[in-house]
Amino acid sequence: MLTAGNTNESRVFGSVIEDAPSGVGKVIADKAYDSYTLRDDLTEQGIEPVIPPRSSNTRPVIFDPGLYKARHAVENAFADLKRFRGIAMRSHKLAVTFLELASLAAWYVSTTPGHRKTSPHVKPDSTGTPTVGDKPRQGRFWQRE
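What you see is a predicted model, and the numbers here were worked out from it, not measured in a lab. (Residues numbered from 1 in each chain as written. Predicted model: local features only at pLDDT ≥ 70, side-chain atom pairs only at ≥ 80, totals over all residues. Heavy atoms only, no water.)

A. View of the overall build of the protein chain. Of the regular secondary structure elements, the protein chain holds 6 helices and 5 strands. Secondary structure elements of the protein chain occur, N-terminal to C-terminal, as α-β-α-β-α-α-α-α-β-β-β. Burial status across the protein chain gives 21% buried among its 145 residues. Within the structure as shown, the protein chain displays about 11200 Å² of accessible surface, and the carbon and sulfur contribution to it stands at 56%. (Helix = DSSP H or I, 4+ residues; strand = E, 2+ residues; numbered from the N terminus. Buried < 20%, exposed > 50% of the residue type's maximum accessible area, 1.4 Å probe, protein only. Areas by Shrake-Rupley, 256 points an atom, 1.4 Å probe, with all protein chains shown as cover.)

So this is what it looks like as structure tokens:
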């Protein structure tokens, strides 16, 4: 589901959960989804909410912080997609064009081995210094401390 760029996704969260396949046991979400109605709705459906409380929350909330740490995998996937300028800036006017570009970028990221590493042209030498061809890289970003 694609929402407007200036809309909070928590507004459409209920319809996303309704369309979820049966057997979903847990939902891991960030603090933006911290609301008692959302938690109650999830619990009624037999889904455990793993949502940390906001700092302004006055009632205690129990959640599994160890399980919440697994959310970083999803955040990394979005970070990988946002490497593509058209996705990061939502520069496409039509939703169908944006979704097609996002699908293509997701395919590229998932099929490219080592996509989270540095450029394939920059390789460390035997001492660990990044090199391009036979020359060591110069500049403050390449120096070891």
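B. Main features of unusual backbone geometry. Positive phi is not limited to glycine here, since Arg90 has a value of about 50 degrees. When you line up the elements, Arg90 lands in the loop between α5 (85-88) and α6 (95-111).

C. Geometry of the pattern of salt bridges. The tally for this structure, following the rule as stated, stands at 4 salt bridges. Of the charged contacts in the structure, one is a salt bridge between Arg39 and Asp34, with a shortest N-O distance of 2.9 Å. Like Arg39, the residue Asp34 is buried in the burial classification. Of the charged contacts in the structure, one is a salt bridge between Glu75 and Arg71, with a shortest N-O distance of 2.7 Å. For Glu75, a relative accessible area of 39% translates into the label partly exposed. Residue class for Arg71 comes out buried when judged on its relative accessible area of 17%. Members of the salt-bridge network, linked through shared partners, are Asp30, Arg71 and Glu75. (Salt bridge = Lys/Arg side-chain N within 4 Å of Asp/Glu carboxyl O.)

D. Spotlight on the packing of aromatic side chains. Applying the stated criterion across every chain yields a total of 2 aromatic pairs. With centroids separated by 6.0 Å and ring planes inclined at 85 degrees, the aromatic side chains of Phe63 and Tyr68 adopt a geometry described as edge-to-face. Judged by centre distance (6.0 Å) and plane angle (85 degrees), the ring pair of Phe84 and Tyr108 falls under edge-to-face. With Phe84 in the loop between α4 (72-81) and α5 and Tyr108 in helix α6, this residue pair connects regions lying 24 residues apart in the sequence. Its relative accessible area of 26% is what places Phe84 among the partly exposed residues. Given the relative accessible area of 39%, Tyr108 is considered partly exposed. It is Arg59 that lies over the ring of Tyr36; its NZ or CZ is 3.6 Å from the centre. (Phe/Tyr/Trp six-rings, centres within 6.5 Å; stacked < 30°, edge-to-face > 60°. Lys NZ or Arg CZ within 6 Å of the ring centre and 35° of its normal.)

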